[in-house]
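Working through the structure, step by step
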Amino acid sequence: MSKVVKFGGSSLADAKQFRKVADIIHADPERKYVVPSAPGKRFKEDTKVTDMLYRCYDEVAVQGKDFTEAFAPIRERYNGIISDLGLTLNLDEEFAKIGENFKAAVGSDYAASRGEYLNGIVLANYLGFEFIDAARAIFFDNKGNFDADTTDACLGALLDKTPKAVIPGFYGAMPDGTIKTFSRGGSDFTGSVVAKAAKVDLYENWTDVSGFLVADPRIVENPEGISVITYSELRELSYMGAGVLHEDAIFPVRSANIPINIKNTNAPQDAGTLIVPTSHAPASEHVITGIAGKKNFSVISIEKDRMNSNKGFLRKLLQVLENHDIFPEHMPTGIDTVSVVVNSSELDGQREKLTERLVEVVKPDHFEIIDGLALIAVVGRGMRSVKGTATRVFAALSHANINIRMIDQGSSELNIIIGINAGDFDKAIKVIYDMFILSE
Ligand code: ADP
Ligand code: ASP
Ligand code: MG
């Protein structure tokens, strides 16, 4: 049994956390490949190194500020960890190279990636493992899409001859060597890619909570943990904002049937959450497995008499949206109405143009864009076999006087999505939690 272990930013925020990480790795010789994030927050108001790097790059490459001064707080974070751990490592040459590249304005992806790159060097040195730069092993194609096949072949071959290694998360290289990052939180994805290439038996994802919880602990006080969740349930929840694991992280391991175990660096004895294929999942403890949600959605609401008999109506509508790079998240339709739920940010700077074009092309009887919508996903494999789940969600919300503005049930019967006013967001999550978890 061999394992890939990924440690998030809070697990590697300072020397104290590095020691916990080393203890975890050394406690199990099967923990062979380690994927670190950049140092995260040490306390609530602290800044993640990744955010410091984006800012520093902007100051140096765009505003023309002095690199040595702008980079000083970042240098301090690494040098602090190195000296507190008593390492003899010296990163001055690396810092100088980064300075040259910042001044040459090589790109903000390169800048952000240095957080993981430097942390990987420090961790490899501390553990006595080999360091493998992700630029040598994780690849994107010319269009900037992750190149799974090339990565799997190259990384697999590299790991075959490296018994223990640290591979930094979050970035890889384009065919011309340019550094590119995944989206934020992407080290989870790197961990999954490494697990697949190394053909391990388990991908352990170490963070600052004892696994996936039924709801966001920042909204529900002390929520129950989830012991087993399926890849599909997790995908729904992480897409809808449960930030524990990057929304794409399940794909590489799912195709290789490798389970993920979410564990807590600060409480390694806790079992955490096991993420498995549907076929391996036991019956769930509750009807629902989890609740997640996101704010900042808008509804493009369109009414048109006899819309349904109007050939090509939806196609034309979708074409206009596509031409404006707007992706419909949900599209509940009535006989003469259609509502398109979109991320509000996608409307930025193009509301007037979009309105003009939609009116011209689909000629609606009534047209309106309504902002301030929040979406909540109630997810669970248990919903398929139990009747009345939607009724209970509605009852919980109506008791709390929360108006439901949209409903969408996935055809897999794995989730119910409801749209509510953003102001009711926290309250809605709490009452759904109470209805399904506390009263079951
Ligand atoms: P890391 O830096 O280790 O990658 P993240 O901050 O990305 O960690 O993810 C862990 C955080 O996700 C937790 O600290 C918690 O605040 C948040 N979170 C949001 N929803 C959930 C949930 N349903 N269960 C557990 N944690 C959640
Ligand atoms: N350090 C990166 C971020 O802050 C990637 C990660 O932590 O997974 O988004
Ligand atoms: Mg994360």
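In the block above lies the structure referred to throughout.
All of these numbers come straight from a predicted model, not from anything done at the bench. (Residues numbered from 1 in each chain as written. Chains lettered and ligands numbered in written order. Predicted model: local features only at pLDDT ≥ 70, side-chain atom pairs only at ≥ 80, totals over all residues. Heavy atoms only, no water.)

Our next topic: the environment of Gln17. By the element assignment, Gln17 lies in helix H1 (residues 15–26). Sequence-distant contacts of Gln17, defined by excluding residues within four places in its chain, comprise Ser10, Ser11, Leu12 and Asn266. Separated by 3.1 Å, the side chain of Gln17 and the backbone oxygen of Ser10 make a polar contact. (Helix = DSSP H or I, 4+ residues; strand = E, 2+ residues; numbered from the N terminus. Contact = heavy atoms within 4.5 Å. Polar contact = N/O pair within 3.5 Å; in protein donor to acceptor, adjacent residues only side chain to side chain.)

The full set of residues close to ligand 2 is Ser37, Lys48, Thr50, Glu116, Phe170, Arg184, Gly185, Gly186 and Ser187. Here an oxygen atom of ligand 2 and a side-chain polar atom of Ser37 are 3.3 Å apart. The side chain of Arg184 places a nitrogen or oxygen atom 2.7 Å from an oxygen atom of ligand 2. Summarising the interface, the protein chains cover 92% of the accessible area of ligand 2, which totals 260 Å² for the free molecule. (Near = heavy atom within 4 Å. Areas by Shrake-Rupley, 256 points an atom, 1.4 Å probe, with all protein chains shown as cover.)

A word on helix H12 (residues 389–399). Along H12, the positions that sit buried rather than exposed are Thr389, Val393, Ala396 and Leu397. All buried residues of H12 fall inside an arc of 95 degrees around its axis, so they share one side. Set apart from the buried face of H12 by more than 90 degrees, the exposed residues are Thr391, Ser398 and His399. The inward-facing, buried residues of H12 contact strand S13 (366–379), strand S14 (404–409), strand S15 (415–421) and helix H13 (425–438). Once H12 ends, the next one or two residues include Asn401, with phi positive near 65 degrees. (Buried < 20%, exposed > 50% of the residue type's maximum accessible area, 1.4 Å probe, protein only. Arc of directions from axis to C-beta.)

Of all residues adjacent to ligand 1, which total 17 residues, the nearest are Lys6, Gly8, Thr207, Asp208 and Leu213. Within the side chain of Lys6, one N or O atom sits 3.2 Å away from an oxygen atom of ligand 1. Between an oxygen atom of ligand 1 and a side-chain N or O atom of Asp208, the distance comes to 2.7 Å. Protein contact buries 84% of the 570 Å² of open area that ligand 1 shows by itself. Classifying every residue of the shell around ligand 1 by side-chain character gives seven nonpolar, six polar and four charged. (Nonpolar A, V, L, I, M, F, W, Y, C, P; charged D, E, K, R; others polar.)

Reading across the sheet, the eight strands line up as S3-S4-S2-S1-S7-S9-S10-S8 and stay open at both edges, with mixed pairing between neighbours. The open sheet has two edge strands with one neighbour each: strand S3 (130–131) and strand S8 (228–230). The pairing of S8 with strand S10 (residues 273–276) spans three bridges and is classified as parallel. The residue bridging Ile229 from the neighbouring strand is Ile275, located in S10. (Pairing = 2+ DSSP bridges.)

Let us look at the side chain of Ser37. Mapped onto the fold, Ser37 is located in the loop between strand S2 (31–36) and helix H2 (49–62). Residue classification places Ser37 among the buried residues on the basis of a relative accessible area of 8%. Setting aside its immediate chain neighbours within four residues, Ser37 contacts Lys6, Phe7, Gly8, Gly9, Leu12, Glu116, Asn119 and Ser187.

Looking now at the packing of aromatic side chains. For the structure shown, the criterion picks out 13 aromatic pairs. Measuring from ring centre to ring centre gives 6.5 Å for Phe71 and Phe102, while their planes differ by 85 degrees; the resulting arrangement is edge-to-face. Of the two residues, Phe71 sits in helix H3 (residues 67–84) while Phe102 sits in helix H4 (residues 92–103), which places them 31 residues apart along the sequence. There is no split in this pair, since Phe71 and Phe102 are both buried. On the basis of an interplanar angle of 75 degrees and a centroid distance of 6.3 Å, the ring pair of Phe102 and Tyr110 is categorised as edge-to-face. For Tyr110, a relative accessible area of 10% corresponds to the buried category. Following the ring pairs from residue to residue traces out a cluster consisting of Tyr57, Phe67, Phe71, Phe95, Phe102 and Tyr110. (Phe/Tyr/Trp six-rings, centres within 6.5 Å; stacked < 30°, edge-to-face > 60°.)

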